[in-house]
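Now for the letters of each chain:
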Amino acid sequence: MTQDELKALVGQAALQYVTPGEIVGVGTGSTVNKFIDALAGIKDQIKGAVSSSEASTARLKAAGIPVFEAEAVDALSVYIDGADEIDHQGYMIKGGGAALTREKIVAAQSSRFVCIADESKLVKALGAFPLPVEVIPMSAARVARQFEAKGGKAVLRLKDGQPLVTDNGQHILDVTGLSITDPLGFESEVNQWPGVVTVGVFAHQKASVCLLGTSEGVKTLSF
Ligand code: 5RP
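Numbering of residues begins from 1 in every chain and follows the order in which that chain's sequence is written. Reporting of local features is limited, given that this is a predicted model, to residues whose pLDDT is at least 70; pairs of side-chain atoms are given and counted only at 80 or more, and all residues count toward the totals for whole chains, interfaces and linings. Computation of side-chain values covers all heavy atoms of the structure but excludes hydrogens and water.

Once that is clear, we can look at the site of the ligand. Taken together, 17 residues form the shell around the ligand, and within it Ser-30, Thr-31, Asp-84, Gly-95 and Lys-121 come nearest. Within 3.5 Å is the distance limit for a polar contact, defined as a pair of N or O atoms, with the added protein rule that one can donate a hydrogen and the other accept it, and that residues adjacent in sequence qualify only through two side-chain atoms. One of the backbone N or O atoms of Gly-95 is found 2.8 Å from an oxygen atom in the ligand. Using a 1.4 Å probe, the Shrake-Rupley method yields the accessible areas, and only the shown protein chains count as cover for residues. For the ligand, whose accessible area on its own is 380 Å², the fraction buried by protein is 91%. Tallied by class, the residues present in the shell around the ligand amount to three nonpolar, eight polar and six charged. If a single non-hydrogen atom of a residue is within 4 Å of a molecule or strand, that residue counts as near it. Under the grouping applied here, Gly and all other residues not named as nonpolar or charged are polar, the nonpolar ones being Ala, Val, Leu, Ile, Met, Phe, Trp, Tyr, Cys and Pro and the charged ones Asp, Glu, Lys and Arg.

Given below as structure tokens:
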């Protein structure tokens, strides 16, 4: 099976976690796009979605799924999103699509985080994927130096030759060379640095379940 087919498989499988009549938390990325496509098939059975990015909002609306503002909804029973890496404890690196801050907000509103991913995303230890960090632009150089002091190398993410601007009007640093042995402690520490909006380690908002697309079918990992 191709990676695209594995993404479609887990996107479809995630429908089992959607409760009829409810609002669903929806993440961002190519795997989530498959989930949105599957969700469109049952759109009459749900109330709508809270979205984690302008891109997912556009796709949900195009599919005829009502989109609610996060602040208009008290709590969600489920949030469905992809990951750039997920380990065997359900800790993740996210933000490859630059939507990490809103993803973490919607995840925090949700009782359960269902991660959908193809098997290439499952890792023994986090850190091979460049860690995305959303920063306020004036802090980028300082935050990059703080990562250097930890042995990392931070690079400003560009789009069309210019710094990428997130949905929140901020920038992204991608950091390589880190060893993330304590995801909870690492997330807490980096989130304290002045100018950091969100670090792409999802440890405090880890996955409850991962639906992993493999050539033998969907494997369910519970954490
Ligand atoms: C976006 C994310 C995505 O969930 C992550 O990048 C995985 O994306 P894809 O499903 O396209 O591989 O965190 O900010």
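Next comes the rest of the write-up.
The buried label applies to any residue whose accessible area, calculated with a 1.4 Å probe on protein chains only, is under 20% of its type's maximum; exposed applies above 50%, and partly exposed to all values in between. Each helix is a run of DSSP H or I of at least 4 residues and each strand a run of E of at least 2, with the numbering of both proceeding from the N terminus. Restricting attention to buried positions, one finds in helix α3 (residues 54–62) the residues Ser-56, Thr-57 and Leu-60. The arc that holds every buried residue of α3, seen down its axis, measures 105°, which confines them to one face. Exposed residues pointing more than 90 degrees away from the buried face of α3 are listed as Ala-55 and Ala-62. Pairs of residues are marked as contacts when any of their non-hydrogen atoms sit within 4.5 Å. Residues of α3 that are buried in the fold lie against β1 (23–26), α2 (30–40), β2 (48–51) and β3 (67–68). Once α3 finishes, Gly-64 follows within two positions and takes phi at roughly 80°, a positive value. Summarising the geometry, the arc corresponds to the directions from the helix axis toward the C-beta atoms.

It is worth spelling out the packing of aromatic side chains at this point. Stacked, tilted and edge-to-face are the three classes assigned to paired rings of Phe, Tyr and Trp, where Trp is represented by its six-membered ring and a pair needs centres within 6.5 Å; plane angles under 30 degrees give stacked, over 60 edge-to-face, the rest tilted. Overall, the coordinates contain two aromatic pairs when judged by the stated rule. Geometrically, the ring pair formed by Tyr-79 and Phe-113 is edge-to-face, given 5.0 Å between the ring centres and 90° between the ring planes. Residue Tyr-79 is found in strand β4 (residues 76–81), and its partner Phe-113 is found in strand β7 (residues 110–118); the two are separated by 34 residues along the sequence. In this structure, Tyr-79 and Phe-113 share a single accessibility class: buried. Aromatic pair Phe-147 and Trp-193: ring centres 4.8 Å apart, planes at 65°, arrangement edge-to-face. Remark: Trp-193 occurs in the loop between α6 (183–191) and β13 (196–199) and Phe-147 occurs in helix α5 (residues 140–149); sequence separation between them is 46 residues. Residues Phe-147 and Trp-193 agree in their burial class; the two are buried. We call a charge positioned above a ring when the Lys NZ or Arg CZ atom is no farther than 6 Å from the ring centre and deviates by at most 35 degrees from the ring normal. Cation over ring: Lys-94 sits above Phe-202, and NZ or CZ is 5.5 Å from the ring centre.

As far as function goes, none of this settles anything; it's purely spatial.
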